[in-house]
Amino acid sequence: MCGEAPMGAERTSVGLDVHARSVSAAAIDGVTGELIKQRLVPDPRVVLDWVHDLPAPAAVTYEAGPTGFGLARALAAAGIRCEVAAPSKINRPPGDRIKTDARDAVLLARLLRLDDIVAVRVPTVAQESARDLVRAREDARGDLMRVRHRLSKLLLRHGHVYSGGAAWTGKHEQWLRQIRFDGRGRAGTQAAYAADLEALTLTVARRDRLDEQITALAADSEFTPVTWRLCCLRGISTLTGFSLAVEIGDWSRFTGASIGAYLGLIPSEHSSGNSRRQGAITKTGNSHVRRLLVEAAWHHQPAYRIGPTMRARWDQATPAARVRGHAGNQRLHDRWVQLSSRNKKHTVACVAIARELAGWCWSLATLPDA
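First, a word on scope: everything that follows refers to the structure included in this document. This is a predicted model, so every value here is computed, not measured.

So, helix α2 (residues 70–77)
Here's step 1: Leu71, Ala72, Leu75 and Ala76 are the residues of α2 that are buried. Looking down the long axis of α2, one finds its buried residues gathered within 135° of arc, a one-sided arrangement.
Here's step 2: Where the residues of α2 are buried, they touch β1 (12–18), α1 (44–52), β4 (58–63) and β5 (81–85).
Here's step 3: A positive phi of about 80° marks Gly79, the residue just after α2.

Let's talk about the layout of surface pockets
Here's step 1: Empty space within the largest pocket amounts to approximately 970 Å³.
Here's step 2: What lines the largest pocket is a set of 28 residues, among which Ala86, Val120, Tyr262, Gly285 and Asn286 lie closest to the centre.
Here's step 3: It is helix α4 (residues 125–157) that contributes the most residues to the lining of the largest pocket, four residues altogether.
Here's step 4: When the residues that make up the lining of the largest pocket are grouped by side-chain class, the tally is twelve nonpolar, eight polar and eight charged.
Here's step 5: Considered as a void within the structure, the second largest pocket measures approximately 430 Å³ in volume.

A few points about the packing of aromatic side chains
Here's step 1: All chains considered together, the criterion is met by five aromatic pairs.
Here's step 2: Between Phe181 and Tyr193 the ring centres are 5.5 Å apart and the planes differ by 75°, which places this aromatic pair in the edge-to-face class. Pair noted here: Phe181 is in the loop between α5 (170–178) and α6 (187–219) and Tyr193 is in helix α6, with a separation of twelve residues, a long-range link. For the pair formed by Phe181 and Tyr193, the shared burial category is buried.
Here's step 3: Centroid distance Phe254 to Tyr262: 4.5 Å. Interplanar angle 40°. Geometry classified as tilted.
Here's step 4: On the basis of relative accessible area, Tyr262 is assigned to the partly exposed category, the value being 31%.
Here's step 5: It is Arg253 that lies over the ring of Tyr262; its NZ or CZ is 5.7 Å from the centre.

What about the sheet that holds β4?
Here's step 1: Strand order across the open sheet formed by five strands is β3-β2-β1-β4-β5, with mixed pairing between neighbours. What marks the edges here is a single partner per strand, and that holds for β3 (35–40) and β5. Looking at each pair of strands side by side, their axes are set apart by 20° on average, direction ignored.
Here's step 2: Strand direction decides the pairing type here: β1 and strand β2 (residues 23–29), joined by seven bridges, are antiparallel. Within the sheet, the bridge partner assigned to Ser13 lies in β2 and is Ile28.
Here's step 3: Strands β1, β2, β3 and β4 of the sheet are contacted by α1, whose axis makes an angle of about 160° with β3.

Overview of the packing of helix α8 (residues 238–248) against helix α10 (residues 287–298)
Packed helix pairs are characterised by how far apart their axes lie and by the angle those axes make with each other.
Here's step 1: At a minimum axis separation of 10 Å, α8 and α10 run at an interaxial angle of 150°. Between α8 and α10, the angle falls in the class roughly antiparallel. As for how α8 packs across α10, the hand of that crossing is left-handed. Across from Thr240, Ser243, Leu244, Glu247 and Ile248 in α8, the residues of α10 making contact are His288, Val289, Leu292 and Leu293.
Here's step 2: For the contact of α8 with α10, the residue count by class is five nonpolar, three polar and one charged.

Thresholds applied
- Residues numbered from 1 in each chain as written.
- Predicted model: local features only at pLDDT ≥ 70, side-chain atom pairs only at ≥ 80, totals over all residues.
- Heavy atoms only, no water.
- Buried < 20%, exposed > 50% of the residue type's maximum accessible area, 1.4 Å probe, protein only.
- Helix = DSSP H or I, 4+ residues; strand = E, 2+ residues; numbered from the N terminus.
- Arc of directions from axis to C-beta.
- Contact = heavy atoms within 4.5 Å.
- 1 Å grid on protein atoms, 1.4 Å probe; cavity = no way out; pocket = protein on both sides within 12 Å on 5 of 7 lines; lining within 4 Å.
- Points joined across faces, edges and corners; volume = space filled by probe spheres on them.
- Nonpolar A, V, L, I, M, F, W, Y, C, P; charged D, E, K, R; others polar.
- Phe/Tyr/Trp six-rings, centres within 6.5 Å; stacked < 30°, edge-to-face > 60°.
- Lys NZ or Arg CZ within 6 Å of the ring centre and 35° of its normal.
- Pairing = 2+ DSSP bridges.
- Axes fitted to C-alpha atoms, helices over the stretch in contact; angles between N-to-C directions.
- Parallel < 35°, antiparallel > 145°, perpendicular 65-115°, else oblique.
- Left-handed = near helix turned anticlockwise from the far one by under 90°.

Functional significance is not addressed by these values, which are geometric in nature.
Okay, structure coming up:
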């Protein structure tokens, strides 16, 4: 984000409540105290023209939401400081029971005036494009899980249970293709089954196409060095490492201790006076990254042995990354052993390992390439 005036030195503070079909705007003149309100159309050029007519210099804020970051980029390109506010961090008066777009815009303008906006990071166009790709792959994974559940439960209702080994393999697929619901009275079931099989085939094909695109981008993009370093840890494949690199983006925003809190992997707490009560993890922040780390944490439970897959990943990283990844793998397995010896539930232990794994990922991601 850039601007002509130093941060916090702008004369006019502008709050925007941005929706798909309208923008409620409020501006506070820091010299005269005048409050200016306006309703605009959601066109960046219209918003820019209105901001340019205000007493300069001006700063703008709006909440992060489904309308994306196009407005923030347009304002930054015009030399206007724009802070995209984190919705969960906006301080709202607890006694204020009236919520309208105009009041939200005024609140944002006042918070910007007080420099009380917690801003989210605005990704570049390339970073947002890569993020769209990994999230499309995540959607395909969820769709595939749901269609598999539908298919298996339909078969279970009709007495078809696969017992020939692992499910969703080539052999299992051949078994699925052989099932028929013959008879006029079962035509509806056959149609439903055929539809689910078709959905399964299309979803698998979509997932595989996205995997190919992610693999190609992971091998040749601005995220490649970070991806290869992250892959030095057990449980982090190319797809997982690229997803972590893309979703987090600027790892330097965090420390090894703070990244766990950002991802919602720390315990919630309700303490007062002499009592201290901790509960389940907060589950704030990026749920996609949190799921990836929890899944990766399970891989650190078995004894640590360096196999050909790990060596192949290490060959793509720097010597310093290999050394640090090896230390992280040893440490995380030792932590599993310690937690198991204390009779911790496996699910609780896994989340604890995921929290520490986040710190090791940060350590590798911020490691210099040299």
